[in-house]
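Listed below are the residues making up each chain.
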Amino acid sequence: MGAVKVNVILDKRSQKSDGTYPVKVVVYHNQTNKRYSLKRKISLTEIDFDKINSPRLKQEEFVTIKNYLESEKARALKIIKELGGKFSYELFESLFFDIVPIEDKKAVDVYAMFDKHIKELFASKRIGTATSYQTAKRSLAKYYPKLTFSDITPAFLKK
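For clarity, every value in this text was computed on a predicted model and none was experimentally measured. (Residues numbered from 1 in each chain as written. Predicted model: local features only at pLDDT ≥ 70, side-chain atom pairs only at ≥ 80, totals over all residues. Heavy atoms only, no water.)

Asker: Provide a residue-level description of unusual backbone geometry, including the pertinent values.
Answerer: Its identity is not glycine, yet Asn-30 carries a phi of approximately 50°, on the positive side. Tracing the backbone shows Asn-30 in the loop between β2 (21-29) and β3 (32-37). The class for Asn-30 is partly exposed, based on a relative accessible area of 44%. (Helix = DSSP H or I, 4+ residues; strand = E, 2+ residues; numbered from the N terminus. Buried < 20%, exposed > 50% of the residue type's maximum accessible area, 1.4 Å probe, protein only.)

Asker: Explain the packing of helix α2 (residues 60-83) against helix α3 (residues 89-96) residue by residue, including any values.
Answerer: The contact between α2 and α3 brings their axes to 10 Å, and the two run at 130°. Classified by the interaxial angle, the pair formed by α2 and α3 is oblique. Handedness of the α2/α3 crossing: right-handed. Together, Glu-72, Arg-75, Ala-76, Ile-79, Ile-80 and Leu-83 of α2 and Leu-91, Phe-92, Leu-95 and Phe-96 of α3 make up the contact between the two elements. Here the contact of α2 with α3 is composed, by residue class, of eight nonpolar, no polar and two charged. (Axes fitted to C-alpha atoms, helices over the stretch in contact; angles between N-to-C directions. Parallel < 35°, antiparallel > 145°, perpendicular 65-115°, else oblique. Left-handed = near helix turned anticlockwise from the far one by under 90°. Contact = heavy atoms within 4.5 Å. Nonpolar A, V, L, I, M, F, W, Y, C, P; charged D, E, K, R; others polar.)

Asker: Give a detailed account of α3, specifying residues and quantitative values.
Answerer: Three or four residues apart is the spacing at which side chains of an α-helix point the same way, because the helix has 3.6 residues per turn. Across the eight residues that make up α3, a large majority, six, are buried. Among all positions in α3, only Tyr-89, Leu-91, Phe-92, Ser-94, Leu-95 and Phe-96 are buried.

Asker: Can you tell me about the packing of helix α4 (residues 110-123) against helix α5 (residues 127-143), naming the residues and giving the values?
Answerer: In contact at an axis separation of 8 Å, α4 and α5 are set at 165° when each is read in the N-to-C sense. Compared by their axis directions, α4 and α5 come out roughly antiparallel. You can see that α4 and α5 cross each other, and the crossing is left-handed. Only Ile-127, Thr-129, Ala-130, Tyr-133, Gln-134, Ala-136, Lys-137, Leu-140 and Ala-141 of α5 make contact with α4, whose side of the interface consists of Tyr-111, Phe-114, Asp-115, His-117, Ile-118, Leu-121 and Phe-122. Within the contact of α4 with α5, the residues separate by chemical class into eleven nonpolar, three polar and two charged.

Asker: An account of the environment of Asn-67 is needed here, citing residue identities and associated values.
Answerer: Along the chain, Asn-67 turns up in helix α2. A sequence separation of 83 residues divides Asn-67 from Ser-150, and the C-alpha atoms of the two residues are 32 Å apart.

Asker: Can you tell me about the packing of aromatic side chains, naming the residues and giving the values?
Answerer: For the structure on display, the rule yields nine aromatic pairs. Between Phe-114 and Tyr-133, the ring centres sit 6.1 Å apart and the planes meet at 65°, which makes this aromatic pair edge-to-face. Taken together, the positions of Phe-114 in helix α4 and Tyr-133 in helix α5 put the pair 19 residues apart, joining distant regions of the chain. By relative accessible area, which is 15% here, Phe-114 ends up buried. Look at Tyr-133 and you get partly exposed, because its relative accessible area is 32%. Joined through ring pairs, the aromatic side chains of Tyr-36, Phe-87, Tyr-89, Phe-92, Phe-96 and Phe-97 make up one cluster. Above the ring of Tyr-68, the side-chain terminus of Arg-40 is found at 4.6 Å from the ring centroid. (Phe/Tyr/Trp six-rings, centres within 6.5 Å; stacked < 30°, edge-to-face > 60°. Lys NZ or Arg CZ within 6 Å of the ring centre and 35° of its normal.)

Asker: Can you explain the pattern of salt bridges? Please cite residues and give values.
Answerer: One side chain can pair with another of opposite charge once the charged atoms of both are near each other. Scanning all chains against the criterion turns up seven salt bridges. The closest approach of N and O atoms between Arg-13 and Asp-11, which form a salt bridge, is 2.9 Å. Its relative accessible area of 60% is what places Arg-13 among the exposed residues. Residues Lys-137 and Asp-115 are paired through a salt bridge, measuring 2.5 Å at the closest nitrogen-oxygen approach. (Salt bridge = Lys/Arg side-chain N within 4 Å of Asp/Glu carboxyl O.)

That is the geometry; function is a separate question.
Laid out in structure tokens, this is it:
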């Protein structure tokens, strides 16, 4: 498995009507890459983006933007470190966009997600559906006691 790298870029593929481009986080893995929008939408011109990356940044507005971009890059790197050798874009996305909170280390565990969803189903009084999920979880656990999302591949599903 190749190393995973993260960078912040100016996405010049889509220029806005005001002449700015969106700033995105790009993740490189196994000779592929994916670009991700940030929670806080930031659009800059090429000149402004170059200013942000300069060593002697003085404008307060740009300092704030630079700090935000660095914190988002650091957050992406933290997620990648948490995933370790089990990196996948899908798993990264679920953690980066807070679909699954990173503090929950069991988040990569399929059964922990089953439990979370079953609890939500019971809370919303969907007992039949919750019971079906419990049965599916029990059946899977019989054959695969430890199952993570990165273990679920097309080959796994065919099996």
